[in-house]
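Now for the letters of each chain:
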Amino acid sequence: MTRCFRRCLSRHARLRASHIFGPPGCSAGKRKRVEEADNLSGTAELPVKLEVCSGNGDWVVAQAKKEKGKANWMALELKHNRVHSIFSRAVFEQVDNLCLIRGDASQVLPRHLQMASVSHVFINFPEPPHVSGHGHAESKHEFLTADFFKDLCRVLKPGGRITIFSDNHKYIRVLARRVASVAEEDGKLLFASAVLKADHDVDLTLSKDVKGVQLHCGTPGTCAGHAVQTTSFFDRLWKHGSHSDRYFFVAEKG
């Protein structure tokens with residue numbers, strides 16, 4: 001088990017999807033070539049998708065199950081009990097294209113994910129600073145900072161996307177502005193608003209422009225990367241009248 005686990009990490013302790021999701025019969029020679037390349041391509045031909053802050057795993061397990069054979073998934077969560085919940089759910093749902101990562105997203109992204117290795121990143125119902133959602137609010141626990149989005153851009157493939165979904169209109173507008181303003185040292189913007197086709201549950205004519213990023217009202221569908229609709233803890237709150245509207249935006253790596 002130790003040898004198997006070590007093969008899933010590069011010499012720089014970065015996750016290698018070619019060994020995590022690759023076929024068990026992969027030859028030693030091919031493994032060596034992948035290790036020398038020190039990247040996530042190799043035998044991992046399927047796109048890798050990542051949910052940050054996966055909670056109890058309702059959503060990510062459903063997505064991975066729906067896209068079995070089409071994509072490999074990673075779930076990143078900080079709390080041990082939630083990782084256990086995701087693992088248990090994946091086992092009983094027989095989902096084997098899902099990798100679980102326990103850790104702080106602000107540390108895992110820059111230290112343990114390969115550059116240009118992820119096709120799509122999802123953040124569902126992020127917790128706003130002080131639960132107020134105001135842009136001037138400060139919280140040492142907030143991780144969706146400009147630096148975080150820069151790290152996220154580094155792990156995304158060219159043309160890779162990020163979808164953020166929230167029921168807090170004030171906070172998601174803050175995040176949209178933050179994503180739209182993230183730039184490299186030469187001033188080049190790292191993200192641009194992704195062009196979406198109309199989903200059946202989203203009226204794109206009601207979308208609002210936030211510093212160049214299109215903020216949509218409704219539930220993201222397949223065009224936004226949500227392969228299947230599933231009921232989560234937040235959906236159950238919403239259905240019981242705790243919240244009125246939901247919003248999302250999709251940004252693409254420039």
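Structure: above.
Bear in mind that the values here come from a model prediction, so they are computed numbers and not experimental data.

It is worth spelling out the packing of helix α6 (residues 105-112) against helix α7 (residues 146-155) at this point. The description of two packed helices rests on the angle between their axes and on the distance between the axes. In contact at an axis separation of 9 Å, α6 and α7 are set at 35° when each is read in the N-to-C sense. The handedness of the crossing between α6 and α7 is left-handed. For the pair α6 and α7, contact is made by Ala 105, Ser 106, Leu 109 and Pro 110 and by Phe 148, Asp 151, Leu 152 and Val 155, respectively. Residues that form the contact of α6 with α7 fall into these classes: 6 nonpolar, 1 polar and 1 charged.

This paragraph deals with the pattern of salt bridges. Within the structure shown, the criterion is met by 8 salt bridges. Put simply, Arg 178 and Glu 142 hold a salt bridge, and the shortest N to O gap is 3.0 Å. Taken as a pair, Arg 178 in helix α8 (residues 169-181) and Glu 142 in the loop between β4 (118-124) and α7 lie far apart in primary sequence, 36 residues in all. Residues Arg 178 and Glu 142 agree in their burial class; the two are buried. With a closest N to O distance of 2.4 Å, Asp 151 and Arg 154 form a salt bridge. Highlighted residues: Asp 151 and Arg 154, both in helix α7, separated by 3 residues, approximately one helical turn. The exposure class assigned to Asp 151 is buried, which follows from its relative accessible area of 17%.

If you check helix α5 (residues 80-92), its first and last C-alpha atoms are 19 Å apart, about what 13 residues at 1.5 Å a residue would give, namely 18 Å. Against the buried residues of α5 lie α4 (58-66), β2 (72-77) and β3 (98-102). Gln 94 lies just past α5 and shows a positive phi near 55°.

The rules we used
- Position numbers for residues count from 1 along each chain, tracking the sequence in the order it is written.
- Local features in this predicted model are restricted to residues of pLDDT 70 or higher, and side-chain atom pairs are both shown and tallied only at a pLDDT of 80 or more, whereas totals for entire chains, interfaces and linings draw on every residue.
- Side-chain measures here rest on the full set of heavy atoms in the structure, leaving out hydrogens and waters.
- Angles here are taken between N-to-C directions and fall from 0 to 180 degrees, while the axes themselves are lines fitted to C-alpha atoms, restricted in helices to the stretch in contact.
- Helix and strand definitions follow DSSP, with helices as H or I runs of at least four residues and strands as E runs of at least two, each counted in order from the N terminus.
- What makes a crossing left-handed is the near helix being turned counterclockwise from the far one by less than a right angle; a clockwise turn instead makes it right-handed.
- In what follows, residue pairs with any heavy atoms lying within 4.5 Å of each other are defined as contacts.
- Under this grouping Gly is polar, as are all residues other than the nonpolar Ala, Val, Leu, Ile, Met, Phe, Trp, Tyr, Cys and Pro and the charged Asp, Glu, Lys and Arg.
- Each salt bridge in this description consists of a side-chain nitrogen of Lys or Arg and a carboxyl oxygen of Asp or Glu lying within 4 Å of one another.
- Burial classes follow relative accessibility: with a 1.4 Å probe on protein chains only, a residue under 20% of its type's maximum area counts as buried, one over 50% as exposed, and anything between as partly exposed.
- Expected helix span is given by 1.5 Å per residue-to-residue step, counting one fewer step than there are residues.

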